[in-house]
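# Analysis of the macromolecular model
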There are 2 protein chains.
Amino acid sequence: MKELKGACVIGQSGGPTAVINSSVCGAVMTALANPNITKVYGAQNGIEGVLKERLFDCGKEDEKELLLLKSTPAAAFGSCRYKLKDARQDETDYKRILEVFQKYDVRYFFYNGGNDSMDTCHKVAQYFKKVGYDCNVIGIPKTIDNDLACTDHCPGYGSAAKYIATSVSEIALDAGVYDRGSVIIFEIMGRNAGWLTAAAALANEIGHGPDLVYLPENPFDLEQFVRDVEKVYYAKGSCLVAVSEGVHDLAGKYISEYGSNLAQTKDAFGHSQMGGLASTLAALIKEKTGAKTRGIEFSLLQRCAAHCASKTDIEEAFAAGKAAVESAVAGRTDCMVAFVRGEGEPYSCHTELFDLGEIANVEKKVPDSMMNAERNGMNEEFVRYALPLIQGECDRPTEQGLPRYAKLKKVFTV
Amino acid sequence: MKELKGACVIGQSGGPTAVINSSVCGAVMTALANPNITKVYGAQNGIEGVLKERLFDCGKEDEKELLLLKSTPAAAFGSCRYKLKDARQDETDYKRILEVFQKYDVRYFFYNGGNDSMDTCHKVAQYFKKVGYDCNVIGIPKTIDNDLACTDHCPGYGSAAKYIATSVSEIALDAGVYDRGSVIIFEIMGRNAGWLTAAAALANEIGHGPDLVYLPENPFDLEQFVRDVEKVYYAKGSCLVAVSEGVHDLAGKYISEYGSNLAQTKDAFGHSQMGGLASTLAALIKEKTGAKTRGIEFSLLQRCAAHCASKTDIEEAFAAGKAAVESAVAGRTDCMVAFVRGEGEPYSCHTELFDLGEIANVEKKVPDSMMNAERNGMNEEFVRYALPLIQGECDRPTEQGLPRYAKLKKVFTV
């Protein structure tokens, strides 16, 4: 392994999470302290910032503000959804990246994102190998979807899971205050993997969770769904349902595409109820049971609610950023930092590196073994897996009763 | 004033809040310690629990669990939306209440709720006066709507306001991560009074708040709304809008009733976008500007998110419950506990009593003086009013990374 000395670039990509900035904080602080790293650049809007030479000098930021990144949600460096073309078809972007990296003598590149970002990382690393440019490229995982391969779990998932489980428990209490109960349907993010929807079930650990959980891993049968809800509602007088935005029928058609054919229920003003999946399913259940129903979408809140972040997640996200820098300096490239869970209790977790080639574009689904036999609820195996990830409260600083977020100066190079 | 000795009944009514149980906690703990109060009964589901004789003995609860009520959202005693008839038309309910109260020698009645509940309180107090039954009746305010008369503000408002402002700031950060901005429309509760929608503007104090705020206090002009949004969006590249669910046009028609006539925009699947007000307005803006838009409804979360409650609100809600019991024992009846703000800085607040007759069925609106001249934003007067109410973080106990809520035994009398 050759020792590299030079600048590093850190970028963020894809949908943000409550703790993606904690990873960046771990990477920046570690890089600033490392003698082999001469400059630490942030790329504005991920790889787009590299292409456009929008790089800012992290060494000019106040340390206090950098540390506040640990509790600042969203992508403080700016994000993008830019997908690099295959270098065999079109080398334009790669040549430009190389040009910019050469100009600033960049020898380390850290990219913080989900599946697509790991693909970007892998392509860049492969290109540098091909052209013989010495630059170590390490992916730092993040995604509330928790669907990256090789890693036990992804930074960002624990906080989103904690927010979902906490909010579901609060709404469960709220929904139980009248003597006549209702049916509430929660629509939760996760187009192909149900990890986040499954997290709603953690609220059952304190007795205020969903009665039914539907993941996109299993075909969604509308008639069975109605029977499931009716059974719970007639027995308990209320029913809480967590459903993934990505549920689809046996033929693969998304239930959210069924639209107005699903239920003809009108709202108080005589309009057809359509809107999102949650409100569509709520209208269907209202039509079938006469129950008072409500659809609730957690929308963007589930990925940015830093006020309800998991301390475990914040610390692990930081550790992932730190490990990325340390591994790159130690000579690793074309790898992603992954979490490996220790055997037995209590929960422990350490970082290891996996080849990006094994990770890029692979989606990790919730295994059957974590669901009940009816595929409408989670079991103990899932709880053992997920519960450790939501432990601990974040103690973020506040200002006037509101969160105090990091304020970066972003002194650009050009 | 006659000194009364006997039992008390405490009930909750109307939509719950994050801190309504803190008021009940204040009332129960104070009543249990008072020598003039022989028994402390909770009424299951408010006045319905009295009518059905569903009373439980608070003296049989564990003190530790009772104290957890301070950080438990929703109505732990159960709520109702039962409206008493005018006693001049129908005395049935009143006679039944009297019968139950006489059976248990109830001499104090505390009712924790909003406008309708204060009406119930007032009617019961008047009836007891008429028939000469000695029982002191005190209303304990609660409502996220903040629309009760005579009081500076209502318990429940500060926590809902803190949740809204915090969540808006988090989403503002999230929405700003891409180089292409978007238009996000937040739909916030408050059919007739815009206090809660106005609270979104508090997020501007930390630089991440809405660009535009629309309250139901002013007629909502759709064309002006589109012009306002376009102006911000074209200047900044993004626009965040907080809009009250109750906005209506000059003729009084709710904008949410406009439905599909408003925008013909289809979603990705070719369906008309209808749904709620937020998504309807988002579709309209998308049609007019081509911007990426999103409608977000805070739904039930804004009234039950105890995980983001204001410490000030929790403590004041407790104080209101305590003051109710102390005032009743001191001989007051047919009154509501109200908050009076001290002059000048720093913020201070004490409780006083106001006649229920002045309060019942009066709605307090946001005054013009708290809005900007264009009526699309809040000004400094509003910030000075609302900011003190969201101060302080709740330090609720947790269990397995989730909130530890009060668990009541509810030992019923029959």
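Below is a short write-up of the structure.

### With respect to the overall build of chain A
Check the secondary structure of chain A and you find 13 helices and 13 strands. Against the 2.2 N^0.38 benchmark of 22 Å for 414 residues, chain A shows a C-alpha radius of gyration of 23 Å, consistent with a compact globule. Seen through its C-alpha atoms, chain A measures out along the principal axes to roughly 70 × 50 × 45 Å. Within chain A, the fraction of its 414 residues that count as buried is 64%. The contacts in chain A between residues at least 6 apart in sequence include a share of 76% that link residues at least 24 apart.

### Remarks on the interface of chain A and chain B
Contact residues are listed per partner, giving 66 residues for chain A and 67 residues for chain B. When chain A packs against chain B, the two sides together hide about 5,400 Å² of surface, and 59% of this comes from carbon and sulfur. Across the chain A-chain B interface, the total number found is six salt bridges. Counting the contacts that link chain A with chain B gives 28 residue pairs in polar contact (both at pLDDT 80 or more). The element that contributes the greatest number of residues to the side of chain A that touches chain B is helix α6 (residues 157-175) of chain A, accounting for ten residues. By residue class, the composition of the side of chain A that touches chain B is 30 nonpolar, 21 polar and 15 charged.

### With respect to the sheet that holds strand β10 (residues 335-341) of chain A
Residue and element names in this part refer to chain A. If you trace the seven strands from one edge of the open sheet to the other, you get β3-β2-β1-β4-β5-β10-β11, paired in mixed fashion. Both outer strands of the open sheet, β3 (55-57) and β11 (349-355), are each paired with one neighbouring strand and no more. In this sheet, adjacent strand axes meet at a mean angle of 30 degrees when their direction is disregarded. Summarising the sheet, strand β2 (residues 37-43) and β3 pair through three bridges and their orientation is antiparallel. Residue G42 lies in a different strand from β3, and its bridge partner there is F56. Packing of helix α1 (residues 20-32) onto the sheet brings it into contact with β1 (6-12), β2, β4 (106-113) and β5 (136-141), and relative to β1 it is tilted by some 175 degrees.

### A look at the relation of the copies chain A and chain B
You can overlay chain A on chain B at an RMSD of 0.0 Å; the transform is a turn of 180 degrees with a shift of 0.0 Å along its axis. Interpreted geometrically, this transformation is the action of a two-fold axis. Comparing interface residues between copies, 100% of those in chain A also lie at the interface in chain B; the contact surface is shared.

### As for the packing of aromatic side chains
Applying the stated rule across the entire model yields 34 aromatic pairs over all chains. Considering the side-chain rings of F128 of chain B and Y133 of chain B, the 5.2 Å spacing of their centres and the 65 degrees angle between planes classify their relative orientation as edge-to-face. For the pair F128 of chain B and Y133 of chain B, a shared accessibility class is recorded, and that class is buried. Aromatic rings pair up to connect F101, F109, Y111, F128 and Y133 of chain A into one cluster. Looking at K253 of chain A, its charged tip hangs above the ring of Y258 of chain A, at a distance of 5.4 Å from the centre. Directly above the aromatic system of F412 of chain B lies the positively charged group of R54 of chain B, at a separation of 3.8 Å from the ring centroid.

Each value, and the rule that gives it
- Residues numbered from 1 in each chain as written.
- Chains lettered and ligands numbered in written order.
- Predicted model: local features only at pLDDT ≥ 70, side-chain atom pairs only at ≥ 80, totals over all residues.
- Heavy atoms only, no water.
- Helix = DSSP H or I, 4+ residues; strand = E, 2+ residues; numbered from the N terminus.
- Rg over C-alpha atoms; globule rule 2.2 N^0.38 Å.
- Buried < 20%, exposed > 50% of the residue type's maximum accessible area, 1.4 Å probe, protein only.
- Contact = heavy atoms within 4.5 Å.
- Buried area = accessible area lost by both parts, 1.4 Å probe.
- Salt bridge = Lys/Arg side-chain N within 4 Å of Asp/Glu carboxyl O.
- Polar contact = N/O pair within 3.5 Å; in protein donor to acceptor, adjacent residues only side chain to side chain.
- Nonpolar A, V, L, I, M, F, W, Y, C, P; charged D, E, K, R; others polar.
- Pairing = 2+ DSSP bridges.
- Axes fitted to C-alpha atoms, helices over the stretch in contact; angles between N-to-C directions.
- Least-squares fit on C-alpha atoms with pLDDT ≥ 70 in both.
- Phe/Tyr/Trp six-rings, centres within 6.5 Å; stacked < 30°, edge-to-face > 60°.
- Lys NZ or Arg CZ within 6 Å of the ring centre and 35° of its normal.

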